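# Coordinate analysis (summary)
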Amino acid sequence: MDSPNSVGGCQRIVTTQMSTEPCHVLVVGSGAAGLTAALEAAETGASVTMLTKGHAPDSSSWHAQGGIAGAIGDDDTAELHAIDTERAGRELCRQSAVRVLVEEGPDRVRELITLGVPFDPELNLEGGHSRRRVSSVDGAATGWAVSSLLSRRAAKADHLTVREATAVRSLVIADGRCLGVMTPDGPLYARATILAMGGAAALWARSTNPPGQIGDAVAIGAAAGAAIADMEFMQFHPTVLEGSRLLLTEALRGDGAILIDEKGERFVDELAPRDEVSRAIVRRGRVFLDLRAIDRDRFPGLMAEIEKSGFDPAVVPIPVSPAAHYTIGGIVTDLHGRTDIGALYAAGECAATGVHGANRLASNSLLECLVFGRRAALAALDEPPLPARLGEVPPVPPERVTTEQLREQVWLQAGVIRDPADLAVLARSPDPVAAMVARFAIARAESRGVHYRTDAPVANPLFEGHFVMRPGQGLILEQWT
Ligand SMILES: Cc1cc2nc3c(=O)[nH]c(=O)nc-3n(C[C@H](O)[C@H](O)[C@H](O)COP(=O)(O)OP(=O)(O)OC[C@H]3O[C@@H](n4cnc5c(N)ncnc54)[C@H](O)[C@@H]3O)c2cc1C
């Protein structure tokens, strides 16, 4: 029996029996990409179901802080945003995807303004951006503001059913077409399935992501035969409060916060790209973010969180270290979210469009969710009806379990600075995603963007391309335009 409830403004439906009635568009994940795709599809009158493993605040989107990039300032252009994105991406951004992101991005940000997201009056400057172009809410509450608003709209939307606490374990595939998903409660069929399942950063012991973000999309996608790319590129956020998941946003450094070592000396350009700052911190040992000179009132929620953790940012510098943050790799898609499998789409952090190259520019990922989530929904609507006979219901695979020991191993063997001998050990992990990360990192015998190898510390032009894994093949380096 259904029992409607409310979690964070999001409709909650707990069912013991799941309807096998097919829907038009099935969206897996209720972060920014899933919400955008589900709302976009439902607005056309199509029947949409959105499934999510936990509850609304379990997504990374809910926790995003600094904001959403988008060239909406008077001194800014899509072209400048593209230049910054490609510079951060180190010769690896897929240019067609960057064009889509920067050209459609401003309209998506303006739509959020129209919907009532209470963005701060000033645009923020973040690392790697040449202009103030990051829209934020209360300095560091952007993800919460955007996700809760979209969740409230989803709860009220006609034609849209939201199911929380429903984990997808596998895809139902017949004759090269995705027919839906398998959950512990049974199958759910749809003309089109959009995976918006987020990243894998919680597979690392030090992570900013909610614990469930362990890369289920790539595990499930690869098992079904989808192409996977770029899994060597895990972006580490440089400034995470030591011993916690609390990220201290780039916007703080944009506003003048400085990084100092134990002697109180600065050692890095605080606004350099994240990979450079992360490596500088790891090499320096124990470091601190000094917030004493900035206008802390611009970040009220974050300052309260820091104080809750036992530090007074007005008095002492805050100990920070890097943590796994954003998964650049994922399921390969075209510019409309289409994967190699018919009727299967991917959008947001679980997709590999190539837009971020070898390093994601700060605040480009919420934008990616809005732009590519919408594109995937529009393309998914065109899928033809399901075949009359859906065939046998496949068995439900067992739950993927990740232990603390595995997460420590991934942190040590595929962390900020990587050694090929460590990677070779990790490549034998029984966990499919941990092993995949290691195999991709071994193949990329160079250092580029967020991927740094001790034995090959500089970029090598031979590796200008994306490593792609397809069923039955080794890793193949492809050029994406
Ligand atoms: C602390 C933090 C701060 C950040 N700050 C910023 C920022 O300021 N600007 C920016 O652009 N980006 C930021 N990011 C990155 C950004 O938040 C994410 O890249 C983005 O929100 C990803 O959105 P998504 O919809 O793709 O995935 P998510 O928001 O992670 O949502 C994934 C969804 O999939 C569901 N799911 C996962 N596995 C399953 C399964 N097996 N079955 C069913 N459901 C499943 C999850 O429950 C969840 O609902 C930040 C990230 C973090 C963690």
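Residues numbered from 1 in each chain as written. Predicted model: local features only at pLDDT ≥ 70, side-chain atom pairs only at ≥ 80, totals over all residues.

A word on the overall build of the protein. If you tally the helices and strands in the protein, you get 13 helices and 20 strands. Radius of gyration (C-alpha) of the protein: 21 Å, near the 23 Å computed for a compact globule of 481 residues. Considered along the principal axes of its C-alpha atoms, the protein spans approximately 70 × 50 × 40 Å. When burial is assessed residue by residue, the protein has 54% of its 481 residues classed as buried. (Helix = DSSP H or I, 4+ residues; strand = E, 2+ residues; numbered from the N terminus. Rg over C-alpha atoms; globule rule 2.2 N^0.38 Å. Buried ≥ 20, exposed ≤ 12 C-beta atoms within 10 Å, placed from the backbone.)

What follows covers the site of the ligand. Inspection of the region around the ligand gives 43 residues, with Gly29, Gly31, Ser59, Gly198 and Gly348 positioned closest. Residue assignment for the shell around the ligand shows that the elements contributing at least two residues are helix H1 (32-43), helix H2 (60-63), helix H5 (142-156) and helix H10 (364-380). If one sorts the elements of the shell around the ligand by residue count, H10 sits on top with four residues. Across the shell around the ligand, the residue classes break down as 15 nonpolar, 24 polar and four charged. (Near = placed C-beta within 6 Å. Nonpolar A, V, L, I, M, F, W, Y, C, P; charged D, E, K, R; others polar.)

Turning our attention to the sheet that holds strand E12 (residues 234-241). Two strands in a sheet stick together by hydrogen bonds in their backbones, pointing the same way (parallel) or opposite ways (antiparallel). Read from one edge to the other, the open sheet built from four strands follows the order E12-E15-E14-E13, with strand pairing classed as antiparallel. Two strands lie at the open edges of the sheet, namely E12 and strand E13 (258-261), each paired on one side alone. Pairwise comparison of adjacent strand axes, ignoring direction, gives a mean angle of 50° for this sheet. When strand E14 (residues 287-290) meets strand E15 (residues 318-327), the two strands line up antiparallel, connected through three bridges. Across the sheet, the residue bridging to Val287 is Val320, located in E15. (Pairing = 2+ DSSP bridges. Axes fitted to C-alpha atoms, helices over the stretch in contact; angles between N-to-C directions.)

An ideal rise of 1.5 Å per residue puts 21 Å on 15 residues; H5 measures up with 22 Å between its terminal C-alpha atoms. What H5 keeps buried is the set Thr142, Gly143, Val146, Ser147, Leu150, Ser151 and Ala154. Looking straight down H5, one finds its buried side chains confined to an arc of 135°; they lie on one side. (Expected span 1.5 Å × (residues − 1). Arc of directions from axis to C-beta.)

For the pair H1 and H5, interaxial distance at closest approach is 10 Å and the crossing angle is 35°. Considering how the two elements wind past one another, H1 and H5 form a crossing that is left-handed. Residues Ala32, Leu35, Thr36, Ala38 and Leu39 of H1 form the contact with H5, whose participating residues are Val146, Ser147, Leu150, Ser151, Arg153 and Ala154. Within the contact of H1 with H5, the residues separate by chemical class into seven nonpolar, three polar and one charged. (Left-handed = near helix turned anticlockwise from the far one by under 90°. Contact = placed C-beta atoms within 7 Å.)

Once that is clear, we can look at the sheet that holds strand E16 (residues 330-332). One open sheet holds the five strands; their spatial order is E18-E16-E11-E19-E20, and the pairing between them is mixed. The open sheet has two edge strands, strand E18 (351-352) and strand E20 (475-478), and neither has a second partner. Sheet topology note: the strand E11 (residues 228-229)/strand E19 (residues 466-469) ladder contains two bridges and is antiparallel. Its bridge partner being in E19, Ile228 is matched across the sheet by Met469. Each of E11, E19 and E20 touches helix H13 (residues 432-443); the most contacted strand, E20, lies at about 55° to it.

This part is about the packing of H1 against H10. Relative to each other, H1 and H10 sit at 35°, their axes nearing to 8 Å. Crossing handedness for the pair H1 and H10: right-handed. Along its contact with H1, which presents Ala32, Ala33, Thr36, Ala37, Glu40 and Ala41, the element H10 presents Leu366, Cys369, Leu370, Gly373, Arg374, Ala376, Ala377, Leu378 and Ala380. Looking at side-chain class alone, the contact of H1 with H10 contains 11 nonpolar, two polar and two charged residues.

Among the secondary structure elements, Glu392 is positioned in the loop between H10 and helix H11 (404-413). Once the C-alpha coordinates of Glu392 and Phe372 are considered, the two residues, 20 residues apart in sequence, prove to be 33 Å apart.

Ranked by internal contacts, the top residues of the largest apolar core, which has 142 residues, are Val25, Ala38, Ile194, Val218, Ile228 and Ile331. For this core, the element with the most residues is H10, which contributes nine residues. Those residues in contact with Ile194, other than ones at most four positions away along the chain, are Val25, Val27, Ala37, Gly337, Tyr345, Ala347, Ala376, Ala377 and Ala380. (Core = buried A, V, L, I, M, F, W, Y, C linked by C-beta atoms within 7 Å.)

To continue, consider the environment of Asp261. Positionally, Asp261 belongs in strand E13. Sequence-wise, Asp261 and Ala200 are 61 residues apart; in three dimensions their C-alpha atoms are separated by 30 Å.

An ideal rise of 1.5 Å per residue puts 16 Å on 12 residues; H1 measures up with 16 Å between its terminal C-alpha atoms. Counting buried positions along H1 yields 11 of 12 residues, so the element is predominantly enclosed. The first or second residue beyond H1 is Gly45, which carries a positive phi of 95°.

This brings us to the pairing of E14. Note that E13 and E14 share four bridges and pair antiparallel. Paired with Leu259 across the strands is Leu289, a residue of E14.

This part takes up the domain arrangement of the protein. As far as domains go, the protein holds domain 1 (5-234 + 326-380), domain 2 (239-322) and domain 3 (404-466). Using only C-alpha atoms to locate each centre, domain 1 and domain 3 end up separated by 25 Å. With 27 residues of domain 1 at the contact, the number on the domain 3 side is 19 residues. Counting only elements with at least two residues in the side of domain 1 that touches domain 3, the list comes to helix H6 (216-224) and E11. Its residues placed into classes, the side of domain 1 that touches domain 3 shows 16 nonpolar, six polar and five charged. (Domains from an automatic or database assignment.)

With that settled, the discussion passes to the environment of Arg292. Positionally, Arg292 belongs in the loop between E14 and helix H9 (300-308). Owing to 14 C-beta atoms within 10 Å, Arg292 belongs among the partly exposed residues under this scheme. Between the C-alpha atoms of Arg292 and Leu92, which are 200 residues apart in sequence, the distance is 38 Å.

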